[in-house]
Amino acid sequence: MELFLQTAIAGLLLGGVYALISIGLSLIFGVVRIINFAHGELVMLGMFATYWLWRGFGLDPYLSILIVAPLMFGVGVLIQRTVLQPILSSSAIMKIFATVGLSLVLQNLALYLWGGNYRSVRVAYSTATIKIGGAAVSVPRLVAFAVALVLVAMLFVVLKRTMLGSALRAVAEDRDTAALLGLGVSSLYLVTFGIGAALAGIAGALLMPFTSATPTIGVGYTLIAFVVVVLGGMGNTLGALLGGLLIGVVETLAGTYIDPQLPHVVVFGLFIVVLLIRPRGLFGLGRGTEEVGLR
Amino acid sequence: MTRFGKVGAGVFAVLVVLAVPYLGFSEFVLHNLVLIMLYVGLASAWNIPAYGGQLSLGHAAFFGLGAYASTLLFLHKDLSPWFGMLAAIGVALVAALLMSVPLLRLRGPFFTLATLAMVEVIHRLAIYLRSLTRGSEGLTIPFKTGWAYLSFTSRAPYYYLALGLATITVLASWLIRRSRLGYHLRAAAVDEEAVTALGVKLVRLQVAALLVSAALTSLFGVFFAQYVYVIDPDTVFSSTQFSIQPALAGIIGGMGTVAGPVIGAVLLTPLGELLRSSLSGSQQGLSFLIYGLVLIAVVRLLPGGIVSGARNVSGRLVRRRQSGQPASGPARSVGVGIGKEDA
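Residues numbered from 1 in each chain as written. Chains lettered and ligands numbered in written order. Predicted model: local features only at pLDDT ≥ 70, side-chain atom pairs only at ≥ 80, totals over all residues. Heavy atoms only, no water.

**So, the overall build of chain A**
A count of helical and extended segments in chain A gives 12 helices and two strands. Reading chain A from its N terminus to its C terminus gives the helix and strand order α-α-α-α-β-β-α-α-α-α-α-α-α-α. Each of the three principal axes of chain A carries a C-alpha extent, and together these read 55 × 50 × 35 Å. Burial statistics for chain A: of 295 residues in total, 60% are counted as buried. Accessible surface for chain A amounts to roughly 11300 Å². Of this, 68% is attributable to carbon and sulfur atoms. A distance of 3 Å separates the average location of the 16 positive side-chain charges in chain A from that of its 10 negative side-chain charges. (Helix = DSSP H or I, 4+ residues; strand = E, 2+ residues; numbered from the N terminus. Buried < 20%, exposed > 50% of the residue type's maximum accessible area, 1.4 Å probe, protein only. Areas by Shrake-Rupley, 256 points an atom, 1.4 Å probe, with all protein chains shown as cover. Lys, Arg positive; Asp, Glu negative; His and termini not counted. Charge placed at Lys NZ, Arg CZ, Asp CG, Glu CD.)

Dropping the structure here:
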């Protein structure tokens, strides 16, 4: 029972990071209408940026967020500007090709620059735990969870309460009308992709104290984020948060109780079962799903 | 060219292709030709669901399952890979039916992501089920040579085997494209709602296309196992090599046309091999990096692939000749590379 509780908590905490990654993917989908197949690679870049900042300058992974976030925002803006903006009027299939190409480029660039080894950050608190209600809880996971939740809440407030948020929601709702009303749609796209990339990068930094980075790690995160947003209901921010937590718990429990090799198998199995019995996702669909998404 | 000239040229081309192993090419060249045939077949098979606009990145699953099905039967039941091919088709059909579950529910990018996830699941299972697959160690084909066992000490028979399989696949792709199924699928790629409104049971057709494509792909998995002798999960279930690379050939050549995947594979495979053999160690990633850049560039500059690009150029030339003045404006086709006429 104690092991179960401990595992479930560890999974829940990891799920917070999954939620952060997925909400970025969901935001980009909602506003720019692009499924970013390279989203996991953005997490991977965030992990490597954190690693090199630690390795080169001894910078603490959490402090490095202050550099990684704007850096990845820039990377996101650059990607949107150079790769995606020119093909916005192309078909959905063309957009898939472009982001698949992007993920190949980023993955293999990382492989070329940094090799295929696993890189991990060694910090004093990597293996630290604190007792909460009898269960030993990993400190870096707890921090990752807390930071992720704060960021999700901040994004929520920004979307609901600020001018930028209203503009983004307007574009998500109806791009043409928003443009008619004088909103700079393409700059809003840049900002959106930047925010999505920054969130992915921060997630990478938060993962680093308890996860090893390798160039091919991104694919797993892309797929998990995809499962989360489909389960949570595409374009549904709260759904993505709950979906992320759920997948974190399921994955970690499966890894402990079934086999450490199999968590992904269980997650994707669960996903297919949900598709069969509740194709609209567990928490209902958001806007824009009909355009490229679900039946 | 006269009709007689055309037939003559065709016969000559076929004779050359058949005579290749005896023209004194080096092992390296023959190996590359075998790989080209492999990818011509894989890309053409991948392209069949693409007629209907279904973009799969899960074909490595059918490929790897084919390789494992035949190798396991060969190892444990001493069954020739000829029977292995039947088993491979069976297993691939079951997997394709499983993959149809998301196909019934998901559209566009979500279907693609689901296919990617499926390879991931089967790949992990192949590593996990050690008692059956010996995990990451992999399996070695028993050493029994001859046509009965589809395993040879020279490259020439492999060349003919690959040529035969590739020919069957391209032929199947051509027949399907011209069939009722093909027309419905291609219409659906342009306007799904209109086709459904006409009373076409679209999902059934998409499932059918996926089944055929999966069966053909699994045959190349059997061939690959026989060709390389040792298979392991990381190789035969490699998304990059057997899902993305055939897709890339199809996309670059022209998705949804018969000639596109063939042209794409013929151009891309030697390029990839050349890059890989000239690069070493950590530089290996560069070949896929270049693939990625090519993909991004094709989407931007030649969205219909080489075939539709060439068609546009020739179309413009013809128009220019007919009207006697330069044609105006670029006739760039956008979309899936579904041409107005048959390829």
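Here the narrative resumes, following the displayed structure.
**What to know about the overall build of chain B**
Secondary structure assignment for chain B yields 15 helices and two strands. By the compact-globule yardstick of 20 Å for 343 residues, chain B fits well, its C-alpha radius of gyration being 21 Å. Structurally, chain B occupies a C-alpha span of about 70 × 50 × 40 Å along its principal axes. For chain B, with 343 residues in total, the buried portion stands at 53%. Nonlocal contacts in chain B, meaning residues at least 24 apart in sequence, comprise 77% of its contacts between residues at least 6 apart. In the structure as shown, chain B presents an accessible area of about 14800 Å², 67% of it carried by carbon and sulfur atoms. Charged side chains of chain B number 25 positive and 12 negative; the gap between the two group centres comes to 11 Å. (Rg over C-alpha atoms; globule rule 2.2 N^0.38 Å. Contact = heavy atoms within 4.5 Å.)

**Some points on the side chain of R177 of chain B**
All names here are of chain B. Along the chain, R177 falls in helix α7 (residues 156-178). Taking the relative accessible area as the measure of exposure, R177 reaches 2% and is therefore buried. At 2.9 Å, the side chain of R177 forms a polar contact with the backbone oxygen of G256. (Polar contact = N/O pair within 3.5 Å; in protein donor to acceptor, adjacent residues only side chain to side chain.)

**A word on the packing of aromatic side chains**
According to the stated counting rule, one finds 19 aromatic pairs over all chains in the structure shown. Taking the centre distance of 5.0 Å and the plane angle of 75° together, the rings of Y51 of chain A and W52 of chain A count as edge-to-face. Three or more aromatic residues joined by ring pairs make a cluster, and in this case those are W147, F152, Y158, F223 and Y227 of chain B. One Lys or Arg, R33 of chain A, reaches over the ring of F29 of chain A and ends 5.9 Å from the middle of that ring. The ring of F156 of chain A has K160 of chain A sitting right over it, with the charged end atom 5.9 Å from the ring centre. (Phe/Tyr/Trp six-rings, centres within 6.5 Å; stacked < 30°, edge-to-face > 60°. Lys NZ or Arg CZ within 6 Å of the ring centre and 35° of its normal.)

**Observations concerning the confidence of the model for chain B**
Reading predicted coordinates in detail is not appropriate for stretches of low pLDDT. Residue and element names in this part refer to chain B. Mean pLDDT for chain B: 83, with 90% of residues reaching 70 or above. For the stretch residues 325-343, pLDDT sits under 50, and the model shows 47 contacts to residues farther than four places along the chain or on other chains. Interface predicted TM-score (ipTM) for the complex: 0.81; the corresponding pTM is 0.85. (pLDDT = per-residue confidence, 0-100.)

**Digging into the interface of chain B and chain A**
Interface size is commonly expressed as the accessible surface area that is lost when the partners come together. With 48 residues of chain B at the contact, the number on the chain A side is 43 residues. Buried surface at the junction of chain B and chain A, summed over both partners, amounts to about 4300 Å²; 78% is from carbon and sulfur atoms. On the chain B side of the interface with chain A, the three residues burying the most area are R105, F110 and L113 of chain B, jointly 17% of the side's total. The interface formed by chain B and chain A contains zero salt bridges. Per element, the largest residue contribution to the side of chain B that touches chain A is 14 residues, and it comes from helix α5 (residues 108-128) of chain B. Within the side of chain B that touches chain A, the residues separate by chemical class into 32 nonpolar, 10 polar and six charged. (Buried area = accessible area lost by both parts, 1.4 Å probe. Salt bridge = Lys/Arg side-chain N within 4 Å of Asp/Glu carboxyl O. Nonpolar A, V, L, I, M, F, W, Y, C, P; charged D, E, K, R; others polar.)

**Observations regarding the pairing of strand β1 (residues 129-132) of chain A**
All names here are of chain A. Both β1 and strand β2 (residues 135-138) contribute to a ladder of four bridges, which runs antiparallel. When the bridges of β2 are listed, I130 appears paired with V137. Between β1 and β2, which pair antiparallel in sequence order, lie two residues; one of them, G133, sits at a positive phi of approximately 55°. (Pairing = 2+ DSSP bridges.)

**Some remarks on the pattern of salt bridges**
Residue and element names in this part refer to chain B. Scanning all chains against the criterion turns up five salt bridges over all chains. Between R155 and E27 there is a salt bridge whose closest N-O contact spans 2.9 Å. In this pair, R155 sits in the loop between β1 (139-140) and α7 while E27 sits in helix α2 (residues 27-50), placing the two residues 128 residues apart along the sequence. On the basis of relative accessibility, which here comes to 24%, the residue R155 falls in the partly exposed class. You can call E27 partly exposed: its relative accessible area is 47%. The salt bridge involving R124 is made with E120; its shortest N-O contact spans 2.7 Å. One end of the pair is R124 and the other is E120, both in helix α5 and four residues apart, which spans about a single turn. According to the relative accessible area criterion, R124 is partly exposed, its value standing at 22%. Salt bridges sharing common partners tie together R130, R134 and E137.

**So, helix α13 (residues 259-278) of chain B**
Under the 1.5 Å per step criterion, the end-to-end length of α13 of chain B is 29 Å for 20 residues, consistent within 8% with the ideal 28 Å. Along α13 of chain B, the positions that sit buried rather than exposed are G260, P261, G264, A265, L268, T269, G272, E273, L275 and R276 of chain B. (Expected span 1.5 Å × (residues − 1).)

**A closer look at unusual backbone geometry**
Residue and element names in this part refer to chain B. A positive phi angle, close to 55°, is found at D78, a residue other than glycine. Inspection of the secondary structure puts D78 in the loop between α3 (59-77) and α4 (81-105). Of note in this structure, Y229 is not a glycine but carries a positive phi near 70°. Position of Y229 among the secondary structure elements: in the loop between α10 (202-228) and β2 (230-231).

**Brief notes about the packing of helix α9 (residues 218-232) of chain A against helix α10 (residues 237-257) of chain A**
Residue and element names in this part refer to chain A. Their axes nearest at 8 Å, the elements α9 and α10 cross at an angle of 125°. Comparing the axis directions of α9 and α10 gives the class oblique. Crossing handedness for the pair α9 and α10: right-handed. For the pair α9 and α10, contact is made by I224, V227, V228, L231 and G232 and by G239, A240, G243, G244, L246, I247 and E251, respectively. A breakdown of the residues in the contact of α9 with α10 according to their chemical character gives seven nonpolar, four polar and one charged. (Axes fitted to C-alpha atoms, helices over the stretch in contact; angles between N-to-C directions. Parallel < 35°, antiparallel > 145°, perpendicular 65-115°, else oblique. Left-handed = near helix turned anticlockwise from the far one by under 90°.)

**Focus on the environment of L88 of chain A**
All names here are of chain A. Position of L88 among the secondary structure elements: in the loop between α3 (61-84) and α4 (92-114). Between the C-alpha atom of L88 and that of V143, which follows or precedes it by 55 residues, the distance is 38 Å. Beyond its immediate stretch of four places on either side in the chain, L88 contacts V32, I34, Q80, K95 and Y189.

**So, a nonpolar patch on the surface**
All names here are of chain B. Where nonpolar side chains cluster on the molecular surface, the patch consists of F12, V16, L23, F25, F28, V29 and L274 and spans about 660 Å² of accessible area. Listing elements by their share of the nonpolar patch, those giving two or more residues are α1 (3-19) and α2. Locating V16 in the fold gives a position in helix α1. Taking relative accessible area as the criterion, V16 reaches 35% and is therefore assigned partly exposed. (Patch = residues over 30% accessible without salt bridge, like charges linked within 9 Å, V, L, I, M, F, W, Y side chains within 5 Å.)

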